[in-house]
There are 2 protein chains.
Amino acid sequence: MADVAACAVELIHAYSLVHDDMPCMDDDDLRRGKASCHKQYNDATALLVGDALQSLAFEVLSNTQKISNTKLQLSMLNILARASGSIGMAGGQAVDLASVGKSLSQAELESMHLLKTGALIEASILLGVANGSEVQIIAARTFAKNIGLAFQVVDDILDVEADTDTLGKTAGKDATTNKPTYVTILGLDVAKQHAQHLYANAINALKPFGASGHRLKELADFITHRSF
Amino acid sequence: MADVAACAVELIHAYSLVHDDMPCMDDDDLRRGKASCHKQYNDATALLVGDALQSLAFEVLSNTQKISNTKLQLSMLNILARASGSIGMAGGQAVDLASVGKSLSQAELESMHLLKTGALIEASILLGVANGSEVQIIAARTFAKNIGLAFQVVDDILDVEADTDTLGKTAGKDATTNKPTYVTILGLDVAKQHAQHLYANAINALKPFGASGHRLKELADFITHRSF
């Protein structure tokens, strides 16, 4: 069941990358060090690939052959659908597009990222504790919100500091496209401090999980200290 | 439950129209007599609107508040997800794109339409009998395949015979874009006979439903005899 959920999240993530790279969105030729989907094929193919990957996520998660707890599975489907749509990832993308060339406050930037990248990260954590206690679910949500934001702060820092080869996508893109980022709003040094602050909040939220929170701590470590 | 399923199918249908109208696909400025989504807003917005509508379809159908039979609901989600993805509607669109400017046999055209428009029509019928007997499900599938193809044959005829005002979308599009259609393959008269043949097959398949097949017969009547 955990495998199925992980697979479904990965499919939603992959679809969003294919659509995000398209000319009408981020217009990026490079993804994971290779030509992005629309560049390798064409725009129509990329559109359909993204659409079909989203359907496949819900197909995989609604497969009844491996499942015993149907109520739990429905809840997981609902978590993933909400995280993907207009009150989650897609909604965050729309706010992001509307923000290009505008000056945002830190709070506005955060609420955009909580949707755009945070919603799917939160869903991936919540799917893992969908059968957990209320205390665990609240703790997981706090953990997820903080690593979701940390992910974005680090992303903005890497866009300035890393090179294209290391990133596997085009570096320096935010400045070229005049996007508001944590670096433009806070400056590089304060952005780095902010990432550490969010990391500390995330680790602190893991207490109710005791020793079983070890893998989640590793996830927070990776997100905050990655170089790509 | 029937309302929820109908709503989910409509959301998938609406998303597919928004994406189909985009410049990289059919590039159509008009939909239901109004500016299409990308024309009214922009391409990025249309992309995100379509993506979010697809998520919303699965969100609506996975809502557990109105449901008692969770197993049935999971089956319905799986039917809709399969019909929407690469082995259904999105896959059919990809075959359609690959066919532009090529000469197709009637069998090739049919297998493309069974995916492109047929899969979602079939899903909408199957969702209504998801709890039915095996005989009913097989009959519904035959009915659906025939009205799905009839829908497309009539669509191809209308593209030639109707005007833009009546259609609410641009008439004469198929010839301009050099698409293989039932009219180009069979000629107008034989295409009309073929639509009647498919209609008769559909009506014949309704026998196991007895009097309760009345509404499905009305649906077949509408699809075959519509003028828009």
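Read on for an overview of the structure. (Residues numbered from 1 in each chain as written. Chains lettered and ligands numbered in written order. Predicted model: local features only at pLDDT ≥ 70, side-chain atom pairs only at ≥ 80, totals over all residues. Heavy atoms only, no water.)

Structural notes on the pattern of salt bridges
All names here are of chain A. Selection criterion: The salt bridge criterion pairs a side-chain nitrogen of Lys or Arg with a carboxyl oxygen of Asp or Glu, the two atoms within 4 Å. Helix and strand definitions here come from DSSP, where helices need a minimum of 4 consecutive H or I residues and strands a minimum of 2 consecutive E residues; each element is numbered from the N-terminal end. Only protein chains enter the area calculation, which uses a 1.4 Å probe; residues under 20% of their type maximum are buried, those over 50% are exposed, and those in between are partly exposed.
For the structure shown, the criterion picks out 26 salt bridges over all chains. Note that Lys179 is salt-bridged to Asp26, the shortest N-O span being 3.6 Å. Placement of Lys179 in the loop between α10 (173-176) and α11 (182-186) and of Asp26 in the loop between α1 (2-20) and β1 (30-31) is noted, with a sequence separation of 153 residues between them. Of the residues examined, Asp26 reaches a relative accessible area of 32% and is grouped as partly exposed. Within this structure, Asp26, Asp96, Lys116 and Lys179 form a network of salt bridges that share partners.

Details of the side chain of A:Lys116
Residues and elements named next belong to chain A. Counted only if it meets this: Here a polar contact is taken to be a pair of N or O atoms separated by no more than 3.5 Å, where protein atoms must pair a possible hydrogen donor with a possible acceptor and residues adjacent in sequence count only if both atoms sit in side chains. A contact between two residues is defined here by any heavy atoms of the two lying within 4.5 Å.
By secondary structure assignment, the location of Lys116 is in helix α6 (residues 106-116). On the basis of relative accessible area, Lys116 is assigned to the buried category, the value being 16%. Among the polar contacts made by the side chain of Lys116, one reaches the side chain of Asp96 at a distance of 2.9 Å. Every residue in contact with Lys116, bar those within four places of it in the chain, is listed here: Met89, Gly92, Gln93, Asp96 and Lys179.

Comments concerning the relation of the copies chain A and chain B
Under the convention used in this document: Here the copies are matched by least squares. The fit uses the C-alpha atoms of residues with pLDDT of at least 70 in both.
The operation relating chain A to chain B is a screw motion whose rotation component is 180°, with 0.0 Å of axial translation and a residual RMSD of 0.0 Å. Expressed as a symmetry operation, the mapping of one chain copy onto the other fits a two-fold axis. Among all C-alpha atoms of chain A, that of A:Thr70 lies closest to the rotation axis, at 2.9 Å. Here 100% of the contact residues of chain A are again contact residues in chain B; the copies associate through an equivalent surface.

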